[in-house]
Amino acid sequence: MKREIIDASQLELTENVVAIKRVTKVVKGGRNMRFSALVVVGDGNGHVGAGMGKAAEIPEAIRKGKEDAMKKLITVKLDDNKSITHDITGKHTGASVLLKRSPEGTGIIAGGPARSVCELAGIKNIRTKSLGSNNKQNVVLATITALAQLKSPEEVAKLRGKSVEEIVG
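Residues numbered from 1 in each chain as written. Predicted model: local features only at pLDDT ≥ 70, side-chain atom pairs only at ≥ 80, totals over all residues. Heavy atoms only, no water.

Asks: Which residues make up the overall build of the protein chain, and what are the values?
Replies: Secondary structure assignment for the protein chain yields five helices and eight strands. In sequence order, the protein chain lays out its α and β elements as β-β-β-α-β-β-β-β-α-β-α-α-α. If you line up the protein chain on its principal axes, its C-alpha atoms span 70 × 35 × 30 Å. A burial count over the protein chain gives 40% of its 169 residues as buried. Split by element, the accessible area of the protein chain, about 9700 Å² in all, is 50% carbon and sulfur. The positive charge centre, built from 28 side chains, and the negative charge centre, built from 18, are 12 Å apart in the protein chain. (Helix = DSSP H or I, 4+ residues; strand = E, 2+ residues; numbered from the N terminus. Buried < 20%, exposed > 50% of the residue type's maximum accessible area, 1.4 Å probe, protein only. Areas by Shrake-Rupley, 256 points an atom, 1.4 Å probe, with all protein chains shown as cover. Lys, Arg positive; Asp, Glu negative; His and termini not counted. Charge placed at Lys NZ, Arg CZ, Asp CG, Glu CD.)

Asks: So what's going on with the sheet that holds strand β3 (residues 47–55)? Residues and values would help.
Replies: The strand order across the open sheet built from four strands is β1-β2-β3-β4, with neighbouring strands paired in antiparallel fashion. Strands with a single pairing partner mark the edges of an open sheet, and in this sheet they are β1 (14–27) and β4 (74–75). Across eight bridges, strand β2 (residues 30–42) lies against β3 in antiparallel orientation. Paired with L38 across the strands is M52, a residue of β3. Contacting β1, β2 and β3, helix α1 (residues 58–71) runs over the sheet at an angle of about 145° to β3. (Pairing = 2+ DSSP bridges. Contact = heavy atoms within 4.5 Å. Axes fitted to C-alpha atoms, helices over the stretch in contact; angles between N-to-C directions.)

Asks: Hey, could you go over the nonpolar core for me, with residue numbers and the actual values?
Replies: Within the largest apolar cluster, 29 residues are counted, with the highest numbers of intra-cluster contacts made by V40, V48, L99, V140 and L147. When sequence neighbours within four positions are dropped, the list of residues in contact with V48 reads V40, V41, G42, K72, L73, I74, V76, V117, L120, A121 and L147. Residues A8, L13, V41 and A55 belong to the second largest nonpolar core, which totals 11 residues. (Core = buried A, V, L, I, M, F, W, Y, C linked by side-chain atoms within 4.5 Å.)

Asks: Tell me about helix α3 (residues 136–148), and please be specific about residues and values.
Replies: Compared with the 18 Å implied by 1.5 Å per residue over 13 residues, the 18 Å span of α3 between its first and last C-alpha is a close match. Those residues of α3 that sit buried are N138, V139, V140, A142, T143, I144, T145, A146 and L147. One side-chain oxygen at the N-terminal end of α3 lies 3.0 Å from the backbone nitrogen of Q137; it belongs to N135. (Expected span 1.5 Å × (residues − 1). Polar contact = N/O pair within 3.5 Å; in protein donor to acceptor, adjacent residues only side chain to side chain.)

Asks: Outline the sheet that holds strand β8 (residues 126–132), listing residues and values.
Replies: Taken together, four strands build an open sheet; the order of strands is β5-β6-β8-β7 and the sheet is mixed. A strand with exactly one partner marks an edge of an open sheet, and here the two such strands are β5 (88–92) and β7 (108–109). Pairing geometry for β7 and β8, over two bridges, is parallel. Bridged to I109 within β8 is R127. Most of the contacts of α3 go to strand β6 (residues 95–101), to which it runs at about 45°, and overall it touches β5, β6 and β8.

Next up, the structure:
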């Protein structure tokens with residue numbers, strides 16, 4: 001999977017905090033409390049990323065998560081009705097997410113973590129099914145993995161040495 005570098009400073013990114021957890025490290029003096037935040041950022045126009053941040057205070061954890069997500073932005077290939085170009089399954093550890101393209105007017109049919117990724121990527125019509133683990137972090141990362149693997153009809157036609165009309169049908 002080839003990653004292209006996207007300059008996040010030129011994009012109008014919005015953020016969505018998917019999960020905040022209180023995590024504890026037991027040390028000799030007692031318990032060490034911190035907060036972990038899972039943040040998804042996107043411009044609603046084909047760019048999306050997810051990141052984790054951990055800090056002693058919640059706002060600082062969210063800021064760190066947003067910075068991490070901005071470093072991991074991907075470009076999503078969308079078709080003319082703001083859906084994905086083809087059906088695909090993404091896996092990350094125990095979670096796998098099935099993404100199915102949908103016609104105009106379907107809307108976003110997705111569970112919580114996958115929905116936030118799809119909304120911020122700019123997808124308007126999609127059906128998803130989360131399979132396996134329902135851990136929010138793994139579902140978000142599985143969704144992003146699937147979106148990163150999408151190919152446009154032009155790319156498929158070039159790989160196969162055919163015209164776009166032969167591929168699309």
